[in-house]
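These are the residues of each chain, in order.
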Amino acid sequence: MKKIIVFASGSGTNAENIIKYFAKTKIAKVVSVFTNNAAAKVIERAKNHQIPTEIFSKSELLESKILQKIQEIDPDMIVLAGFLLKFPDHIIEKYPNKIINIHPALLPNYGGKGMYGMHIHRAIVNNKEKETGISIHYVNEHYDEGGIIFQKNVALTEEDTPETVAEKIHKLEQKYFPEIISRLLED
């Protein structure tokens, strides 16, 4: 069975969805959740599914400590699910094309440093976009610039608010993120 590590910084709804999805398959299993936020709800979500968690500081991520822990696990894939720190080059180099991220917009639009969550949804509404969506992409040394694996769009209306955009995006993330991870692990 293949091993997945999930990195998350916040509430962990995508992380928990991935954990539940793979608990029902023989393809892979989430073996650990890593977070840079000791108060993140993702810790509780992981514990509810008996998934070990690793809490670390930004400096520990940038040093070799986290890479060593990842190497001990020897994952087949590293999934960033709402992880807000820039992923370090030294880990990316060790796991080429094995680290993926989900972004709540249609990249290359609304990507880059500072573009996450409600910041994106507000910008999309303010710019009166007719559609938005999700992008699942490989992680490289630049924010949101790795090769795109999958995109799915959703139509917007003039009545949409940042909150309704967030709901539409969340539905897409919940449906497609685990499916795409599974497809990548089967290839």
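Data block above holds the structure.
Values in this document were obtained by computation on a predicted structure and should not be read as measured data.

### Points about the overall build of the chain
- Counting secondary structure elements, the chain contains seven helices and seven strands.
- Beginning at the N terminus, the succession of helices and strands in the chain can be written as β-α-β-α-β-α-α-β-α-β-α-β-β-α.
- Scaling as 2.2 N^0.38, a compact globule of 187 residues should have a C-alpha radius of gyration of about 16 Å, and the chain matches this with 16 Å.
- Counting only C-alpha atoms, the chain reaches 50 × 35 × 35 Å along its principal axes.
- Here the chain holds 187 residues, and the buried ones make up 46% of them.
- Put simply, 69% of the contacts in the chain that link residues at least 6 apart link residues at least 24 apart.
- Accessible area for the chain stands at about 9600 Å²; split by element, carbon and sulfur atoms hold 48% of it.

### A word on the environment of A166
- Mapping A166 onto the fold places it in helix α7 (residues 162–186).
- For A166, a relative accessible area of 21% puts it in the partly exposed group.
- Separated by 46 residues in sequence, A166 and I120 have C-alpha atoms that sit 9.2 Å apart.
- Residues contacting A166, with those up to four places away along its chain left out, are M118 and H121.

### Concerning helix α4 (residues 65–73)
- Those residues of α4 that fall on the buried side of the exposure criterion are I66, L67 and I70. All buried residues of α4 lie within an arc of 100° about the axis, which places them on one face of the element.
- Of the surrounding elements, those touching the buried residues of α4 are β1 (2–7), β2 (28–35), α3 (58–62), β4 (77–80) and α5 (89–94).
- At the C-terminal side of α4, D74 shows a positive phi close to 55°.

### Things to note about the nonpolar core
- Grouped together as the largest cluster of nonpolar side chains are 40 residues, with contacts concentrated most on I4, V6, I18, V79, I100, F177 and I181.
- Looking at which element gives the most residues to this core, the answer is α7, with nine residues.
- With residues near it in sequence (within four places) discarded, V6 still touches A15, I18, V30, S32, V33, F34, V79 and A81.
- In terms of nonpolar packing, the next biggest core, distinct from the first, is built from 17 residues, L61, F83, F87 and I91 among them.

### Brief notes about the layout of surface pockets
- Counted as a void, the largest pocket has a volume near 790 Å³.
- If you go around the largest pocket, you meet 39 residues; those closest to its centre are G82, F83, L84, Y116 and G117.
- Reported here for the second largest pocket is a volume of approximately 180 Å³.
- I124, V125, K128, E129, K130, L156, T157, E158, D160 and V165 are the residues that line the second largest pocket.
- Of the residues that constitute the lining of the second largest pocket, the class distribution is four nonpolar, one polar and five charged.

### Describing the packing of helix α6 (residues 117–126) against α7
- Contact pair α6 / α7: the axes reach a minimum separation of 8 Å and the direction vectors enclose 115°. α7 is crossed by α6, and the crossing has right-handed handedness. Judged by residue contacts, M118, H121, R122 and V125 of α6 engage P162, E163, V165, A166 and I169 from α7.

### Some words on the pairing of β1
- Bridge analysis of β1 against β2 gives six bridges, and the strand direction is parallel. Of the residues in β2, the one forming a bridge with K2 is A28.
- Regarding the hand of the β-α-β motif, the stretch spanning β1, helix α1 (residues 13–23) and β2 is right-handed.
- Bridging between β1 and β4 involves four bridges; their strand directions are parallel. The residue bridging I5 from the neighbouring strand is I78, located in β4.

Rules used in this analysis
- Residues numbered from 1 in each chain as written.
- Predicted model: local features only at pLDDT ≥ 70, side-chain atom pairs only at ≥ 80, totals over all residues.
- Heavy atoms only, no water.
- Helix = DSSP H or I, 4+ residues; strand = E, 2+ residues; numbered from the N terminus.
- Rg over C-alpha atoms; globule rule 2.2 N^0.38 Å.
- Buried < 20%, exposed > 50% of the residue type's maximum accessible area, 1.4 Å probe, protein only.
- Contact = heavy atoms within 4.5 Å.
- Areas by Shrake-Rupley, 256 points an atom, 1.4 Å probe, with all protein chains shown as cover.
- Arc of directions from axis to C-beta.
- Core = buried A, V, L, I, M, F, W, Y, C linked by side-chain atoms within 4.5 Å.
- 1 Å grid on protein atoms, 1.4 Å probe; cavity = no way out; pocket = protein on both sides within 12 Å on 5 of 7 lines; lining within 4 Å.
- Points joined across faces, edges and corners; volume = space filled by probe spheres on them.
- Nonpolar A, V, L, I, M, F, W, Y, C, P; charged D, E, K, R; others polar.
- Axes fitted to C-alpha atoms, helices over the stretch in contact; angles between N-to-C directions.
- Left-handed = near helix turned anticlockwise from the far one by under 90°.
- Pairing = 2+ DSSP bridges.
- Right-handed = clockwise from strand over helix to strand, strands pointing away.

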